[in-house]
Each structure stands twice: as structure tokens, then as C-alpha cells.
Amino acid sequence: MTRHQGLDVRVAPEVRQLLRRSARSDARLQGRFITQMRRLGTSDTRARSAKKLVALDLWEVRIGSHRAFFCPVPGSRRIAVGALVFKDAQKLRMAKLRAIERQVHQWRDRLKEDEG
């Protein structure tokens, strides 16, 4: 029996900067983020906190009051995490989600270029 090796979760530099800035005010955010990224690495998009957004090529993971947005990198065993957004009780508007999708896809495309 072979053991599942997991996926390589790549976090965009913009998300890392945001985490560093917000870690000063919310120390739990960084720990929760790391936990969720490990879950993504082991469970892929089947992680219990991962949710596919309908009508978009985008997934989200809940991290307290924040949402991390990602998509799998086609043809590889990578996941591109390209955005981290504060989300209160209101829904995000479709225009905002489309902008997030573009941001995540730009990060995914940079990862594909580095790979190939």
C-alpha cells in the first residue's frame, strides 16, 4: 500500500505580507492559517473547510473571520493560495469575487511558469 504524499501548497507573497501585518493584531489568525494550509496539503480540495464557489474557478477556506482563496494548479500536485480576505457576515459581491479570482489565477499562472 502506498502512502499519499500530499500536495504542495504555495502561498502568494501578498498573502504572506497580509498575514505578517495582521498577526500583530490577531495572533490566532496565523496559527489557524497554517492549520488550514496543512489540511489542504493532506486532503486537497476535499478538506472539510474547503468550498468550491459556484460559477467560478475558485475555492475558499474559512479561517475565522477571514477567507483564503485558492485553486489547484493544473498538471501538478500544487495548490495556489492567492488571496486572503476579511469577511464579515455579509456575502462578497460577484464583482469582488471575480477580482479575487483574477488575483488567484495570476498567482497560479506564475507558479506554472516557474514549473515549466
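Conventions adopted
- Residues numbered from 1 in each chain as written.
- Predicted model: local features only at pLDDT ≥ 70, side-chain atom pairs only at ≥ 80, totals over all residues.
- Heavy atoms only, no water.
- Helix = DSSP H or I, 4+ residues; strand = E, 2+ residues; numbered from the N terminus.
- Expected span 1.5 Å × (residues − 1).
- Buried < 20%, exposed > 50% of the residue type's maximum accessible area, 1.4 Å probe, protein only.
- Arc of directions from axis to C-beta.
- Pairing = 2+ DSSP bridges.
- Axes fitted to C-alpha atoms, helices over the stretch in contact; angles between N-to-C directions.
- Core = buried A, V, L, I, M, F, W, Y, C linked by side-chain atoms within 4.5 Å.
- Contact = heavy atoms within 4.5 Å.

Considering helix H2 (residues 27–43)
Between its first and last C-alpha atoms H2 spans 25 Å; for 17 residues at 1.5 Å apiece the expected length is 24 Å, and the two agree. Taken together, the buried positions of H2 are occupied by Leu-29, Phe-33, Gln-36, Met-37, Leu-40 and Gly-41. Looking straight down H2, one finds its buried side chains confined to an arc of 145°; they lie on one side. Away from its buried face by more than 90 degrees, H2 exposes Ala-27, Arg-28, Arg-38 and Thr-42.

Topic: the sheet that holds strand S5 (residues 78–86)
As a general point, the strands of a sheet are linked pairwise by backbone hydrogen bonds and lie either parallel or antiparallel. The five strands are arranged S1-S5-S4-S3-S2 in an open sheet whose pairing can be described as mixed. With partners counted over all chains shown, the strands left at the sheet margins are strand S1 (8–11) and strand S2 (50–52), one partner each. With strand direction ignored, the average angle separating the axes of adjacent strands in the sheet is 35°. Note that S2 and strand S3 (residues 59–63) share three bridges and pair antiparallel. Bridging across to S3, Ala-50 finds its partner in Val-61.

A short note on the environment of Arg-46
With respect to the helices and strands, Arg-46 occurs in the loop between H2 and S2. C-alpha of Arg-46 to C-alpha of Trp-107: the two residues are 61 residues apart in sequence and 21 Å apart in space.

Focus: helix H3 (residues 94–115)
Think of an α-helix as turning once every 3.6 residues; residues three or four places apart then point the same way. With 22 residues, H3 extends 31 Å between its outermost C-alpha atoms, agreeing within 8% with the 32 Å of an ideal straight helix rising 1.5 Å per residue. Among the residues of H3, Leu-97, Ile-100, Glu-101, Val-104, His-105, Trp-107, Arg-108 and Leu-111 are the ones counted as buried. On an axial view of H3, the arc spanned by its buried residues comes to 160°, and they lie on one face. In H3, those exposed residues whose orientation departs by more than 90 degrees from the buried face are Ala-95, Arg-102, Gln-106 and Glu-113.

Some remarks on the nonpolar core
Within the largest apolar cluster, 24 residues are counted, with the highest numbers of intra-cluster contacts made by Phe-33, Met-37, Leu-40, Ile-63, Phe-70 and Val-81. Of all the secondary-structure elements, those providing two or more residues to this core are S1, helix H1 (13–23), H2, S3, strand S4 (66–73), S5 and H3. When sequence neighbours within four positions are dropped, the list of residues in contact with Val-81 reads Val-9, Arg-10, Val-11, Ala-12, Val-15, Phe-33, Met-37, Ala-68, Phe-69, Phe-70 and Trp-107. Counting ten residues, the second-largest nonpolar core is a separate cluster that includes Leu-58, Phe-69, Ala-83 and Val-85.

Re unusual backbone geometry
Of note in the backbone geometry, Asp-44 takes a positive phi value of approximately 60° without being a glycine. On the secondary structure map, Asp-44 appears in the loop between H2 and S2. Despite not being glycine, Ala-55 has its phi angle at roughly 70°, a positive value. Along the chain, the position of Ala-55 falls in the loop between S2 and S3. The exposure class assigned to Ala-55 is exposed, which follows from its relative accessible area of 62%.

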